[in-house]
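Fold and contact review
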Amino acid sequence: MLYLMDTANIEEIKKGFEFYPLSGVTTNPTLITKEKKGFKEILKDIRNIIGENSMLHVQAVGRTAEQIEKEALYLQEVVGENFYIKIPVTPDGIKAIKKLTQKGVKITATAIFNAQQALMAAEAGAEFTAPYINRLDNICGDGVKVVEEIISLYKLNGLNTKVLAASFKNAEQVHKVALCGVHSVTLNYEILEKLLYHPLTDISVDKFIEDWEKFYGSGKLTT
Ligand code: E4P
């Protein structure tokens, strides 16, 4: 399972890429506007930090297929290698996915809340589809079940589209989609930390170091 970071915050991305095995960054219009800077500057800064080999997913804001298409081609120029245009699964979004696929632009279909939306986006040519887990769970939906259904529909239809699960508020949601065999997840820094945290790990590390230092003193392993 690949881990991506869902943020446009440069400091978080720096920390994330320093500590964790990340494959890329996803942003959305809300995350970008939070940074209160020019969007091109933000995207270029992100690209500089993550390098050309990491994926950068950026969302279109147009409502019509024509506008989405224009934005995708423009953003591709700005972002360069490993760029994915995120397109919401509206009828215009699907039309844009079909057109852009023919032009060789890589697509992440987004704002997905049921498996039929994900199936349609995959058939239209999306390379990734992004179901939103927590936004569904918040209204008594079942985000994990939707992921399970998408994965089985893709298998049944022989589709190679990858599921990039998004919108998480806790580590348990991530664990459950991981068990379904999801291809990738996009997370904020706090959830990355929570996935790794266990109090017994910290207690164990403290005890190992304490025992070591009682006998050898500190800093004696390399001398
Ligand atoms: C997905 O690509 C979106 O950027 C994101 O994960 C939505 O998350 P939220 O529900 O926390 O806003």
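About the criteria used
- Residues numbered from 1 in each chain as written.
- Predicted model: local features only at pLDDT ≥ 70, side-chain atom pairs only at ≥ 80, totals over all residues.
- pLDDT = per-residue confidence, 0-100.
- Near = placed C-beta within 6 Å.
- Nonpolar A, V, L, I, M, F, W, Y, C, P; charged D, E, K, R; others polar.
- Pairing = 2+ DSSP bridges.
- Helix = DSSP H or I, 4+ residues; strand = E, 2+ residues; numbered from the N terminus.
- Axes fitted to C-alpha atoms, helices over the stretch in contact; angles between N-to-C directions.
- Buried ≥ 20, exposed ≤ 12 C-beta atoms within 10 Å, placed from the backbone.
- Arc of directions from axis to C-beta.
- Contact = placed C-beta atoms within 7 Å.
- Right-handed = clockwise from strand over helix to strand, strands pointing away.
- Parallel < 35°, antiparallel > 145°, perpendicular 65-115°, else oblique.
- Left-handed = near helix turned anticlockwise from the far one by under 90°.

Here we come to the confidence of the model for the chain. On average, residues of the chain score 97 in pLDDT, and 100% of them are at 70 or above. Both confidence scores are given for the complex: pTM 0.96, ipTM 0.96.

Turning to the site of the ligand, a few remarks are in order. Close contacts around the ligand come from Asp6, Thr26, Asn28, Thr110, Ala130, Tyr132, Asn134, Arg135, Ala166, Ser167 and Thr186, and that covers them all. Residues that form the shell around the ligand fall into these classes: 3 nonpolar, 6 polar and 2 charged.

The 8 strands lie next to each other as E1-E2-E3-E4-E5-E6-E7-E8, forming a closed barrel whose pairing is parallel. Averaged over all pairs of adjacent strands, the angle between their axes in this sheet comes to 25°, without regard to strand direction. As judged from the 4 bridges shared by strand E3 (residues 55–59) and strand E4 (residues 83–88), these two strands associate in the parallel manner. Following the sheet pairing, Leu56 is matched in E4 by Phe83.

Every buried residue of helix H9 (residues 171–179) is accounted for by Gln173, Val174 and Val177. End-on view of H9: buried residues confined to an arc of 100°, all on one side of the axis. Counted as exposed and oriented over 90 degrees from the buried face of H9: Glu172, His175 and Leu179. In this structure, the buried residues of H9 make contact with helix H7 (133–137), helix H8 (143–156), strand E7 (162–165), strand E8 (184–187) and helix H10 (189–196).

Taking burial as the measure, the 5 residues of strand E2 (residues 22–26) include 4 buried ones, the bulk of the element. Where strand E1 (residues 2–6) meets E2, 4 bridges bridge the pair, whose relative direction is parallel. Within the sheet, the bridge partner assigned to Leu4 lies in E2 and is Gly24. Remark: the E1/helix H1 (residues 10–19)/E2 crossover connection has right-handed handedness. Pairing analysis gives 3 bridges linking E2 to E3, with the strands arranged parallel. By the bridge assignment for E3, Val25 is matched with Leu56.

Attention now goes to the packing of H8 against H9. Packing of H8 against H9 leaves a shortest axis separation of 9 Å and a crossing angle of 20°. Between H8 and H9, the angle falls in the class roughly parallel. In terms of crossing hand, the pair formed by H8 and H9 is right-handed. Mapping the contact onto sequence places Gly143, Val144 and Val147 in H8 and Gln173, Lys176 and Val177 in H9. A class-by-class count of the residues in the contact of H8 with H9 yields 3 nonpolar, 2 polar and 1 charged.

So, about unusual backbone geometry. In this structure, Lys36 is a non-glycine residue whose phi angle is positive, near 50°. Within the element layout of this structure, Lys36 appears in the loop between helix H2 (29–34) and helix H3 (39–50). Look at Lys36 and you get exposed, because 7 C-beta atoms sit within 10 Å. With a phi close to 55°, Asn82 is a non-glycine residue in the positive phi region. Turning to its location among the elements, Asn82 is positioned in the loop between helix H4 (65–79) and E4.

A word on the environment of Lys162. With respect to the helices and strands, the residue Lys162 is situated in strand E7. Judged by the 17 C-beta atoms lying within 10 Å of it, Lys162 is partly exposed. Linking Lys162 and Lys34, residues 128 residues apart in sequence, is a C-alpha distance of 28 Å.

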